[in-house]
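# Structural overview
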Amino acid sequence: MLLNLVLAVPIFSGLAAYLMRQSGAKSFAALIASVQTLLAIYLGFTGYPQGVSYSVEWLPQFGLYWSLGLDGANFLLVLLTPVITWLAILATPDDTPKLASYVASLLLLDGFLSGLFLSQNLGLFYIFFEAMLLPALVLIAGWSKVDAGKTALKFLIYTMVGSLPMLLAVLVLFFTGVGGESLEFSQMTLDPDKQIFLFYPFLLAFLVKMPIFPLHGWLPTLYKNAPPTVTAVIAALMSKAGTYGLFKVGLVVFPDAFSEVSSSLAVLAVASIIYGALTALGSDSVREVLAYSSLSHIAMIAFGMASLTINGNAGASLQMAAHAVATGGLFLVVAVMDRRHLPDQLRRFGGLSKHCPRLAVLALFLTLASLGQPGLGSFPAELFILTGTWGRFSVLTVVAASAIVLAAAYLLRWYQKLFTGPEGTYRKPDDLDSLESFLLSVPIALSLVMGFFPSWFMVPVRLWLEGKL
Amino acid sequence: MPDILLAFVGGVTLLAALGVILSKEAVHSALFLTVHLLGIGALFLALNHQFLAVAQMLVYAGAVMVVFMFAVTTLSPEEEPLKLTGSDGFPLLGMVAGLGAFGAIYWGLSTSGLSGHKAVSDGLVAPSSFASDLFGPFLLPFEGTAFLLLTALIGAVLLGGRRQIGDG
Amino acid sequence: MNTSFDIMALTLALPLLGAFSVGAFGKSWGKRVSAFVASSAVALSFLVTLFSIFRVHLNQVASTRSVDLWHWASFKVFDQVTDVSFGLYIDALSLTLMSVVTGVGFLIHWFSAEYMEHDPEYTRFFCLLNIFIAAMTLLVLANNLAVLIVGWGGVGFASFSLIGFWREKPSAAEASKKAFVMNVVGDVGLMLSVFVLVIKVGVLDYKTLLSDSQIQVLQSDPSTFVWLGLVLGGLLVGAYAKSAQLPLHTWLPDAMEGPTPVSALIHAATMVTAGVYLLVRMHPLFELMPGMMNFIAIMGAVTALFAACCAMVQNDLKRVLAYSTMSQLGYMFLAVGVGAYGAAVFHLITHAFFKALLFLTAGIVIHTAHGEQDMRRLGGLSKDIPYTCFMFGVGGAALAGIPLTSGYFSKEAILHAAHESPTSGGLLFLVGAGVAIMTAFYTFRAFFMTFFGPQRIEHPHLPGGPTVLSCTVLTVLAVVAGFFDQRLSNCFGPETAGSGFEIHPEVLSASAMGVTAMVLVAVFAAYALYGRGQHDKLGQNSTLLNFCRNGLGFDQAYGMLSGGFVLLARLARNGLEKLLSGSFPELLGGSFVTMGTLLKETQTGQTRHYMVCMVVSVVVLLVYCLLLSGGSNYAA
Amino acid sequence: MANSPEFFLVLSALIFCLGLIGLIIRRNPLVMFMSIELMLNAANLAFMTFSRFPPANRVSLGSPSDGPAFTFVVMTIAAAEAVVGLAIIITIFRNRHSVDVDALTSLKG
C-alpha cells in the first residue's frame, strides 16, 4: 500500500495542482514532495535491505500486472527522486509564469519517475518510461526561454527513435509470450538466442535516454535551453531512467544478451567518457559544461555495468545516486544564478565569489562532489566501478580513470571561470538567501554521507546483485 | 425467361449505362439511368427474385430518380462536352483505368472457374420467405437501415436549410 | 567486522569540529574567537597525540593497533570479500607523523592568528586550515589504502583552496588548479593500486596486507611480480604527485601563490611529505621489488639535484624555499630507496621544523617588506628585524646542514645510509653530498641577499608577538630535534628495528667531515658573492639561467600537453560535436521536411486525381492477388 | 444463358467499369453520382447472381437470403447517399455558384 502511495501522492496531487491558484501551488507542491520524501524514507527503512513489493492483476492474459517493489536496484533512486524534486520545486523562482502548471508538471514527472523506478513488471515499466515524457515535454516546450519548440522536438524525436523499437520489443514479449508466463521481472525467462534481438531495441532506448555518445544530440540543447530546475530533475533523475533500465532490464530479463554486448558497451562508454570530458573542456557555456560532464559521468555508470561484476554494478548503482545528487546540485546552482539574471557564457564571468561568497563555497563542494573528490559520494562509486572494470577491461579502465583527471580539469576550469579571477561583465548579484543556502546544502550533505558511509547505501544493491552475477 | 429476351434486357441495360456516362446533358444522363435501373430490375426478375425486382423499380427507378431529377433541374448545370483528351487527360486516363479494371475482373472471373456454381432452384423466391429472413436473422441490419435513412433525412434537411437559418 | 573506538579518533574529530564551527559561526564570532577555536582544536589534537604516545610508553595500550571505527564498504570479487573499514592504524610511524602534523600545525595556526589579521577572509582561512589538519590526520591514521585516499584527496582539496585563497588573483587560481589536477593524477595512481590489490590480494588494510605472513605468501608466488609492479607503480605515482618529485613536481613552485603560512604548513612541513609517509608505510611491499627500490633512490637523487639547480638561480624568496623543499623531499625518497626508513622519517621531522621556520620567517620578511618577495629588491633587513634574521639564519643553517643543527644529523644519516647501500651507493652518496653543498650555497645566498647589504625597504612593518613567539619555538626545535635520533630509533621499537628504522648519523666519519667542510666553504662562497649586497651576478638573464629559473622546461612541456588537450577539446566541441548535436539532427530533420514538401505536391486536392490513383492501385492489387493465387479457384 | 452465372457477372463487371469510367471522366458531380449508382447496381447484380448461383459448398457460405439482404441494404444506402450527397452538392452550388469538381481543390496539400 505504501508503495502505491509513493507514486499516487505526487501524481494525483500533480493533477490537482494544475487547477490551483498560482500563489499557493508552489508551497503545496513542496509539501507534497516532502510528504513523498517521508513516505519514501519510511519505505526505505521498512524495506532495508531486502525490499518490499506489491502486486495485483491488471491484464493477466498479457502478463501485465500492477507490480511495484522496492529492491536493491531501485533503492537509492526511489529515495532520491522526491528529494531532488522537492529541491527543484523550492528552487523554482516565484515569478515563473504559470507557476502552478510548472510545479504540477514537476510533481507529475516525479510521480512517473517513481513509478518507473518502482515497477516490477516490464509492461508497467514501459508505460512509465513513456509517460514521464509528457510532463517533461510540457516543461521543456512551455518554459524554455529560447528555442522552446525546437528543443522539445529534438528531445522528442531522439527519445522516440529510441523508444519506438522498444515498444515493438515490448509488444513482441506481450503477445508472443516468449518472455515466459508474464512480464513480471521476477518471472521472465528468455532463451539466450532470442534475447539479443529483443535486447537491442531496449539498449537503444536506454542509451538514448542516458544519453551516451554518439546518441547525445539532444543533451546540450536541452540542458542549455530548458529552465534549470527542470534540467536539474532531468539530469539527476530522468537520465537515470536509462541507466536504471539497463541495470534492471539488462541484468534481469536479458542477462545473456547483456553479457554478449557488454564489451561493445564498455568501449562505447569509455568513448563517451572521454568525449564528454573533452567537449566539456572546450565549451564556453555554463550549462553546456555541466551537460557534457553529465555525459561523461553517466557513461561511467554504463561502464561499471558493462563490467558485469558485483563491484562494478554496485558502484554503478551508487554512482547513479551520487551523480544525481551532484549534478542536481550543480543545476540548482545554475538555477540560483539564473534567478539573478547572470549570463551563460563563461568568458563573461569572473570574481563571482566576491559578491556571492556563500554560493562560491557551496558550488565548490558540489563541483568536487561531481568530479569524484574522495570523501564525497562519487569517490567510492568510481572506486567500485573501476575496481569492477579492472578485472575485465584493464586498458579501458586506465583510460576511464585518466578521465577523472580531465574531469578535475574541466570542472575546476568551470568553477574558477565563474568564481575566481578578475570581475566579469554582469550585473552584480546578491548572495544566497537562507533558503537557497539550505537548498544547496542538502545535496552536499547527502554526498558527504554517501562518501563516508557508502556501505549503508550499497548493502541492498549488493544483496540484489548476489543472485544475478 | 428466354435467352433472347435476356440478351435484349442486358443489352439495353448496358447501353443505358453507357448513355449515363456519355450524355452531354445531365438530364439525359438521369433519364438513361432510369432506363438502366429498370433494366437491372428486370435482370433481378430473371434471377428469380420477385421482391427485389419490384423494390428496384419502385424505390430506385422511382423515388431515388425523382431526387436526382429534382437536383438536376434545380442546378441546371452547363453542358459538358465530352472530349477524350480533356483537361489533364482525365478522360483518357479514366478509359484506361476502367478498361484495366474490367480486364482484371474479367481475368479473375475467367480463371476462377464458375463451373461449381449451380442454380439453386428454378422457382421464384417468394416475398414472404425473404420477409421472414429480413425480420429474422437480418433484423439488426434492417433496423440499421431505418436509422441510417432517418439520419440522412435529418442531414439533408440541415444541409439544405442552413442558408435559410443563416439568413433568418 | 568489529568496530571500536580509540582516543586517537579525537584527533580526527576535533579539527573537523573546529572547521565546521568556524565555517558556520566564524563570521559572527569575529577574528579572535575564530582563531582561538581553530588553534585550540589543533592544540587539543596535539595533546591527544602526546597522551597516546605516553600511553604507549607506559605500556597501557599496544604500540601497534588497528581500530575500525565503522564499516566503510566491501569489495567482492567472486567469493573473495574485501572488507574496508573506516579505521585508524596507530603505530610509532603514524604517532610520530601525527605529533609533527598537529604540533607544527598548531604553531602555524598560532602564527597565522596574527599574520593573517588584516585579511577580510580570515575565518575562511582558519576553516580551511582545520580541514587540512583533519584530512592530513586521516591520511596518516587511515588503516587501509582506500581510506588513505580519502585523506589524500582531502589534503589535495585543502591545498587547492589555500593556494587559491586569494581568489581575485588569476595566477593563484591557475596555480591552485594545477596543484589539484596534479594531485588527482596521484589519486588516480593510488586508485589503480587499490584495484589491483583488491582483485589480486583482496586485502587493503595495512595490518593484514603488510603482515609478515602475507608478505611471505606474496614472495613465494612468482606470479606476484607481474601485477605487483602495477601496485607499486600506482603508489609511486601518488607519492610523486603529492611530494612533488620529478616529473610530477611542477605544481609545487607555483603553489607559493598561497599565503605564506600555507606554504609553511602544507607545502613544506606536512602535506608534501605524505608521499614519503606512504612509501615508508608500504615498504614491505616495495622491498619485494628491489629494482623499484633502486628506481626510487635514483629518482630521489635526481630530484634533489634538479631542484637544487633550480633553487640556485631563483630570485623569489619563496620559490627558493619551494625548490629547496623539493630537493629535501628528494633526499627523503633517496633514503627510502636505500632502505633507510628511519633516516627518511627523521629528515622528514627535522625538515618540518626548519622548513616551517624558514617559511614563517620568510613570511615575516614579506610582511615587513610590504609584500615584496623578489630578493633583488630586498636587503639589509637584519637591521630592521634582527631577531627574525637570527631565526632565519638558524633555519637556514639547519637546511644547509651546519653541524649541531637538526638538519646536519638527519642529512648525515641519509648520506651515511646511501653510502652503505650495496647498489650504486657510491654514486648516490656523491650526488647527495653535491646537493648538500649546493643547498648550503643557495640557502645562504637567499639569506645574504635578504638580510645583508644596503637597506632597501622603507617604513618596514614590524612583526608582532605571536608570530615571533611561534617562530621561536620552531627555532628551538630546529636546533634540538637533531638530538632525538636515538629516541626516534627506539620509538620505532624492537618489532620494526632491523628493517631500516634505526638511524645512524656517523657524524665523525671522514666523509661526513669532508662534506661538512665543503658545506662551510659553500656558505662562505655565498657570503663572498652576496654578503655585501652586490648585484645578483647570477641574476643576469642568460638563456641558460632562465631555463634553470623556469624549472628546466618542465612547465613548458606540461603546458604543451595541456595545450594539446585544450586544442583537442576545442576540436571536439566545435568540430565533431557541432556535427553530432547540431548538423546531424538538423540534417535529419531537414530531410524529413524536404520529403514532406515533396510528398505534399501529390495532394492536388482534385477528386478525380485521387480516384485515378485509387482505381489504379485497386487494379494493381487485384492483379497481384490473382497472380499470387495462380488463378486457382479458391471456392473449389 | 439464364441458367449460368457468366452472363450476369460479365454484365455486372461491364456496368461497374462503365461507372468507374464515368466517375473519372465527368466533371459534373451529378453525373458522378449517377456513375456511383451504376457501380452500386453492378455490385447488386453480382450479389443477386451469386445468391442464385451459389458455389457448390454453399452451406459454409451462408443462407440464400444473404445476397438479397445485401442488395436491400445497398438500395437503402444508395437512397440515403443520394439524399445527403445531393444536399451537399446543392450547398456547394449555393456557396460557389459552380459545380465543377475540378474547381474544388481546397483540400490541396
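Preceding block: the structure.
A brief structural summary.

About the criteria used
- Residues numbered from 1 in each chain as written.
- Chains lettered and ligands numbered in written order.
- Predicted model: local features only at pLDDT ≥ 70, side-chain atom pairs only at ≥ 80, totals over all residues.
- Heavy atoms only, no water.
- Helix = DSSP H or I, 4+ residues; strand = E, 2+ residues; numbered from the N terminus.
- Buried < 20%, exposed > 50% of the residue type's maximum accessible area, 1.4 Å probe, protein only.
- Contact = heavy atoms within 4.5 Å.
- Areas by Shrake-Rupley, 256 points an atom, 1.4 Å probe, with all protein chains shown as cover.
- Lys, Arg positive; Asp, Glu negative; His and termini not counted.
- Charge placed at Lys NZ, Arg CZ, Asp CG, Glu CD.
- Rg over C-alpha atoms; globule rule 2.2 N^0.38 Å.
- Buried area = accessible area lost by both parts, 1.4 Å probe.
- Salt bridge = Lys/Arg side-chain N within 4 Å of Asp/Glu carboxyl O.
- Polar contact = N/O pair within 3.5 Å; in protein donor to acceptor, adjacent residues only side chain to side chain.
- Nonpolar A, V, L, I, M, F, W, Y, C, P; charged D, E, K, R; others polar.
- Axes fitted to C-alpha atoms, helices over the stretch in contact; angles between N-to-C directions.
- Parallel < 35°, antiparallel > 145°, perpendicular 65-115°, else oblique.
- Left-handed = near helix turned anticlockwise from the far one by under 90°.
- Phe/Tyr/Trp six-rings, centres within 6.5 Å; stacked < 30°, edge-to-face > 60°.
- Lys NZ or Arg CZ within 6 Å of the ring centre and 35° of its normal.
- Pairing = 2+ DSSP bridges.
- 1 Å grid on protein atoms, 1.4 Å probe; cavity = no way out; pocket = protein on both sides within 12 Å on 5 of 7 lines; lining within 4 Å.
- Points joined across faces, edges and corners; volume = space filled by probe spheres on them.

Moving on: the overall build of chain C. In terms of regular secondary structure, chain C is built from 27 helices and 2 strands. Principal-axis analysis of the C-alpha atoms places the extent of chain C at approximately 120 × 60 × 55 Å. Within the span of chain C, comprising 636 residues, buried residues form 60% of the whole. Here the analysis covers contacts within chain C between residues at least 6 apart in sequence; of these, 80% occur between residues at least 24 apart. For chain C, the accessible surface area stands at approximately 23700 Å², while carbon and sulfur atoms represent 69% of it. One way to put it: in chain C the 33 positive side-chain charges average out to a point 8 Å from where the 34 negative ones average out.

What follows concerns the overall build of chain A. When helices and strands are tallied, chain A shows 19 helices and 2 strands. For chain A, whose C-alpha radius of gyration is 21 Å, the value lies close to the compact-globule estimate of 23 Å for 469 residues. Along the first, second and third principal axes, the C-alpha atoms of chain A reach 65 × 55 × 40 Å. When the 469 residues of chain A are sorted by exposure, 70% land in the buried category. Of the contacts made within chain A by residues no fewer than 6 positions apart, 82% connect residues no fewer than 24 positions apart. Carbon and sulfur atoms provide 67% of the accessible area of chain A, an area that totals close to 14000 Å². Taken together, the 25 basic and 24 acidic charged side chains of chain A have centroids lying 10 Å from each other.

Right, let's get into the interface of chain D and chain B. Listed by partner, the interface residues are 73 residues for chain D and 78 residues for chain B. Between chain D and chain B the total buried area reaches about 6800 Å² when both faces are included, carbon and sulfur atoms providing 78% of it. Counting across the interface, chain D meets chain B through 0 salt bridges. For the interface between chain D and chain B, the tally reads 4 residue pairs in polar contact (both at pLDDT 80 or more). Across the side of chain D that touches chain B, the residue classes tally to 50 nonpolar, 14 polar and 9 charged.

All names here are of chain A. Remark: helix H12 (residues 286–306) packs on helix H17 (residues 394–419), axes separated minimally by 11 Å, with the N-to-C direction vectors making an angle of 160 degrees. Classified by the interaxial angle, the pair formed by H12 and H17 is roughly antiparallel. Regarding H12 and H17, the two cross each other, and that crossing is left-handed. Across the interface between the two elements, Val286, Val289, Leu290, Ser293, Ser296, His297, Met300 and Phe303 of H12 pack against Leu396, Thr397, Ala400, Ile404, Ala407, Tyr410, Leu411, Trp414 and Leu418 of H17. Grouping the amino acids of the contact of H12 with H17 by side-chain chemistry returns 13 nonpolar, 4 polar and no charged.

What follows covers the side chain of Thr221 of chain A. Residue and element names in this part refer to chain A. Among the secondary structure elements, Thr221 is positioned in helix H9 (residues 218–225). Within the structure, Thr221 has its side chain in polar contact with the side chain of Lys154 (distance 3.0 Å). Leave out the neighbours within four places in its chain, and Thr221 touches Thr151 and Lys154.

We now examine the arrangement of the chains. No other pair of the 4 pairs of chains in contact has as many contacts as chains B and D. At no point do chain A and chain D touch; the closest pair of C-alpha atoms across them sits 23 Å apart.

Before going further, it helps to examine the packing of aromatic side chains. All names here are of chain A. With the rule as written, the count across this model stands at 61 aromatic pairs over all chains. Measuring from ring centre to ring centre gives 5.7 Å for Tyr48 and Phe75, while their planes differ by 55 degrees; the resulting arrangement is tilted. One end of the pair, Tyr48, is in the loop between helix H2 (22–46) and strand E1 (52–59); the other, Phe75, is in helix H3 (residues 75–91), and 27 residues separate them in sequence. Put simply, the rings of Phe125, Phe129, Phe185, Phe199, Phe202, Phe206, Phe254 and Phe258 touch in pairs and so form one group of aromatic residues. Across from the ring centre of Trp143, 6.0 Å away, lies the NZ or CZ of Lys98, which sits over that ring. Against the face of Tyr426 rests Lys428, its NZ or CZ located 4.9 Å from the ring centre.

This next bit is on the pairing of strand E1 (residues 65–77) of chain C. Residue and element names in this part refer to chain C. With 10 of 13 residues buried, E1 lies mostly within the body of the structure. Taken together, the 11 bridges between E1 and strand E2 (residues 80–90) define a ladder with antiparallel strand orientation. By the bridge assignment for E2, Ser74 is matched with Asp83. In textbook terms, the turn of a hairpin is the stretch between consecutive antiparallel strands, and for E1 and E2 this stretch comprises 2 residues, one of which, Phe78, has a positive phi near 50 degrees.

All names here are of chain A. Structurally, Ser13 can be placed in helix H1 (residues 2–17). Residue Ser13 is classed as buried on the basis of its relative accessible area of 10%. Those residues in contact with Ser13 that sit more than four places away from it in its chain are Ala8, Phe28, Ile32 and Leu107.

All right, on to empty space enclosed by the protein then. This structure, assessed with the given rule, holds 5 cavities of 30 Å³ or more. Considering the residues around the largest cavity, the lining is formed by 16 residues, among which Gly372, Gln373 and Pro374 of chain A together with Val184 and Asp187 of chain C are closest to the centre. Looking at the lining of the largest cavity, the elements that each hand over two or more residues are helix H5 (145–163) and helix H6 (170–200) of chain C. When residues of the lining of the largest cavity are assigned to their parent elements, the largest contribution, 5 residues, is made by H6 of chain C. When the residues that make up the lining of the largest cavity are grouped by side-chain class, the tally is 9 nonpolar, 5 polar and 2 charged.

Any functional reading would require information beyond the geometric quantities listed.
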